[in-house]
Amino acid sequence: MALTRQDVLDTLNSYFVTQMDFWVDTVHVCARSYDEVRTLIEDFDITVVEGTNPTNAYYNAKFDTLTTQNVSSPPDIGARSLLLHECTHAIVDVQKLSITELTNEVTAYIAQTTYKLLADPNYKVGPDNPPWFAFYNHVLDLVKKLKLHTPEGRGKIIQWADYSPLRTELNHLNIYTSITDRQRSDGNGVPVKPHGARF
């Protein structure tokens, strides 16, 4: 059975999310941003769909829909971090941010890895095919270098020189190879129903 709406909410309510605070381009990855996403999910303005893929989750900005991965509940840290990855894409949509597709994806991977390190300071990248293994390790290296998982790293503004190599690397990995360097992934906002919260 796939992960549920409650699993997504539990992830966003996690203590580890409250410890995240950094910037990539126009995206502020922090508890307040995730709170906006959580409220929209609680009010059914963002719909959570239980997916069929055991390894992938997806956020669709056009339809304001988050599709979870098909794994057993409750999710482990890896599965929660993937849900958080998709919620990071939702931040871009909710806040109507202007950003490229590659930067949007890299931001989500940085958030995902920061969450893993907060949950497990000894976290190491598990076995994977060589290109992905290298990419995940480079993301992990950046998070550690900037200490994003520690109080010292809170409020950090990640510089282009730090994350642009990750964009290039990601652009060479399977599903991301068709993305052009300047392809946009701008948020269009999430309409709030009359019963929903307003920010």
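For the structure, check the block above.
Residues numbered from 1 in each chain as written. Predicted model: local features only at pLDDT ≥ 70, side-chain atom pairs only at ≥ 80, totals over all residues. Heavy atoms only, no water.

Caption draft 1: The arrangement of the overall build of the chain in detail. Along the chain, the regular secondary structure elements total seven helices and six strands. Counting from the amino terminus, helix and strand elements in the chain follow one another as α-α-β-β-α-β-β-β-α-α-α-β-α. In terms of C-alpha radius of gyration, the chain reaches 16 Å, essentially the compact-globule figure of 16 Å for 199 residues. Its C-alpha atoms give the chain principal-axis dimensions of about 45 × 35 × 35 Å. Looking at the chain as a whole, 51% of its 199 residues qualify as buried. When contacts within the chain are restricted to residue pairs at least 6 apart in sequence, those whose partners lie at least 24 apart make up 71%. Taken as a whole, the chain presents about 9700 Å² of accessible surface, with 53% of it coming from carbon and sulfur. Distance between charge centroids for the chain: 4 Å, based on 18 positive and 24 negative side chains. (Helix = DSSP H or I, 4+ residues; strand = E, 2+ residues; numbered from the N terminus. Rg over C-alpha atoms; globule rule 2.2 N^0.38 Å. Buried < 20%, exposed > 50% of the residue type's maximum accessible area, 1.4 Å probe, protein only. Contact = heavy atoms within 4.5 Å. Areas by Shrake-Rupley, 256 points an atom, 1.4 Å probe, with all protein chains shown as cover. Lys, Arg positive; Asp, Glu negative; His and termini not counted. Charge placed at Lys NZ, Arg CZ, Asp CG, Glu CD.)

Caption draft 2: Broad picture of the side chain of Thr 107. Within the element layout of this structure, Thr 107 appears in helix α5 (residues 101–119). Overall, Thr 107 belongs to the buried group, its relative accessible area being 1%. In contact with Thr 107, not counting residues within four places along its chain, are Val 24, Val 27, Val 29, Thr 88 and Ile 99.

Caption draft 3: Geometry of the pairing of strand β1 (residues 21–24). Alternating positions in β1 separate cleanly, Phe 22 and Val 24 being buried on one face and Asp 21 and Trp 23 remaining unburied on the opposite face. Counting the residues between successive antiparallel strands, the hairpin from β1 to strand β2 (residues 27–30) contains two residues, one of them, Asp 25, with a positive phi of roughly 55 degrees. Bridging between β1 and strand β6 (residues 156–158) involves three bridges; their strand directions are parallel. When the bridges of β6 are listed, Trp 23 appears paired with Ile 157. (Pairing = 2+ DSSP bridges.)

Caption draft 4: Structural view of the pattern of salt bridges. Inspection of every chain in the model, using the stated rule, returns seven salt bridges. Asp 45 is the salt-bridge partner of Lys 193, the closest N and O atoms lying 3.5 Å from each other. Here Lys 193, found in the segment after α7 (160–170), pairs with Asp 45, found in the loop between α3 (31–42) and β3 (47–49); they are 148 residues apart in sequence, far enough to count as distant. Take Lys 193: its relative accessible area is 35%, and that puts it in the partly exposed class. Connected through salt bridges with shared partners, the residues Asp 35, Arg 38 and Glu 42 form a single ionic network. (Salt bridge = Lys/Arg side-chain N within 4 Å of Asp/Glu carboxyl O.)

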